[in-house]
Amino acid sequence: MRDALFGSLLARVCCGFLGAVVLAAALGPWLSPWEFDAVDWDAIDTAPSLAHWFGTDGVGRDLLTRTLAGARISIAIALAATVVSCCIGIPWGATAGYLGGRTDQAMMRIVDGLYALPFILLVILLVALFGRNIVLLFAALGAVSWLDLARIVRGQTLAVKSEAYLEAARGLGAPTFTVIRRHVVPNVLGPALVYATLTVPGVIIAESFLSFLGLGVQEPQTSWGVLIADGAREMHSSPWQLVFPATMLTLTLFAFNILGDRLRDAVDPH
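Residues numbered from 1 in each chain as written. Predicted model: local features only at pLDDT ≥ 70, side-chain atom pairs only at ≥ 80, totals over all residues. Heavy atoms only, no water.

### Some remarks on the pattern of salt bridges
The tally for this structure, following the rule as stated, stands at 6 salt bridges. For Asp57, the salt bridge is made with Arg66, and the minimal N-O distance between the two is 3.8 Å. Arg66 matches Asp57 in its accessibility class, with the two residues each being buried. Between Asp230 and Arg233 there is a salt bridge, with the nearest N and O atoms lying 2.4 Å from each other. Pair noted here: Asp230 and Arg233 are both in helix H9 (residues 224-233), with a separation of 3 residues, about one helical turn. Linked through salt bridges whose partners overlap, the residues forming this network are Asp57, Arg61 and Arg66. (Salt bridge = Lys/Arg side-chain N within 4 Å of Asp/Glu carboxyl O. Buried < 20%, exposed > 50% of the residue type's maximum accessible area, 1.4 Å probe, protein only. Helix = DSSP H or I, 4+ residues; strand = E, 2+ residues; numbered from the N terminus.)

Okay, here's the thing in structure tokens:
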């Protein structure tokens, strides 16, 4: 699997780029001489320079530092929502597929009902009830991203449901949920984790979109969506405010998608 995953130069470049982004985001506060919310009164809305490699925004904050701070929040939200998606979607899909019958029908109708809820309406409802904070963003993104995963795991479970090792486990008197936990889930985990890697860029896009609309991360915190929203308003007079965060977002999404595709090919070469 390792050769299949990292056998191409493009996959190795994408892996190195993502590692560099994560490392820079983690070490950004110690590497940069500027705090993400510090104002340089002598360099307000200035182009890239030796003092500010990505330039500054409209109030004099260093754009490189804010881009790295935005990377920390955007990637953290994506990873947290993906973990929530796996924790809900995998057991839900495995249980529905293994039990079958009316239980399967009832559980998948719940999934269909949640699909019918507009995502933006769900976010607006959460914001109206509980206010704006990152935890709610985790909840909203996690509450939506597990639905596709549950369907994929259910399909994989139906494919392995009649395998001999499951028949042997049932014949030995293993309880139903023990069979699901010890035999079904480990055998559908590969495709599920592949899909989870492809969920990460989707969640990053969703978070950026919500922040762009003003429903996500709020000042003084920042994310790539916030930076892109600010840059879009100033793109004619200060294009660097849009170019740098948008480029970082695009390259990161591209790298995640390439690695996700390579992992899918490694798990299922056919």
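Once the structure has been displayed, the description carries forward.
### Re a nonpolar patch on the surface
A cluster of nonpolar side chains, contributed by Leu23, Leu27, Trp30 and Leu31, occupies part of the molecular surface with about 500 Å² of accessible area. Structurally, the position occupied by Leu23 is in helix H2 (residues 9-31). On the basis of relative accessible area, Leu23 is assigned to the exposed category, the value being 51%. (Patch = residues over 30% accessible without salt bridge, like charges linked within 9 Å, V, L, I, M, F, W, Y side chains within 5 Å. Areas by Shrake-Rupley, 256 points an atom, 1.4 Å probe, with all protein chains shown as cover.)

### Thoughts on the packing of helix H6 (residues 134-160) against helix H8 (residues 176-213)
Closest axis-to-axis distance for the H6/H8 pair is 9 Å, and the angle between their directions is 150°. By the criterion of interaxial angle, the relationship of H6 to H8 is roughly antiparallel. H6 and H8 meet at a crossing whose hand is right-handed. On the side of H6, the interface is formed by Leu137, Leu141, Ser145, Asp148, Leu149, Ile152, Val153, Gln156, Thr157 and Val160, while H8 contributes Val184, Val188, Pro191, Ala192, Tyr195, Thr199, Val203, Ala206, Glu207 and Leu210. Within the contact of H6 with H8, the residues separate by chemical class into 14 nonpolar, 4 polar and 2 charged. (Axes fitted to C-alpha atoms, helices over the stretch in contact; angles between N-to-C directions. Parallel < 35°, antiparallel > 145°, perpendicular 65-115°, else oblique. Left-handed = near helix turned anticlockwise from the far one by under 90°. Contact = heavy atoms within 4.5 Å. Nonpolar A, V, L, I, M, F, W, Y, C, P; charged D, E, K, R; others polar.)

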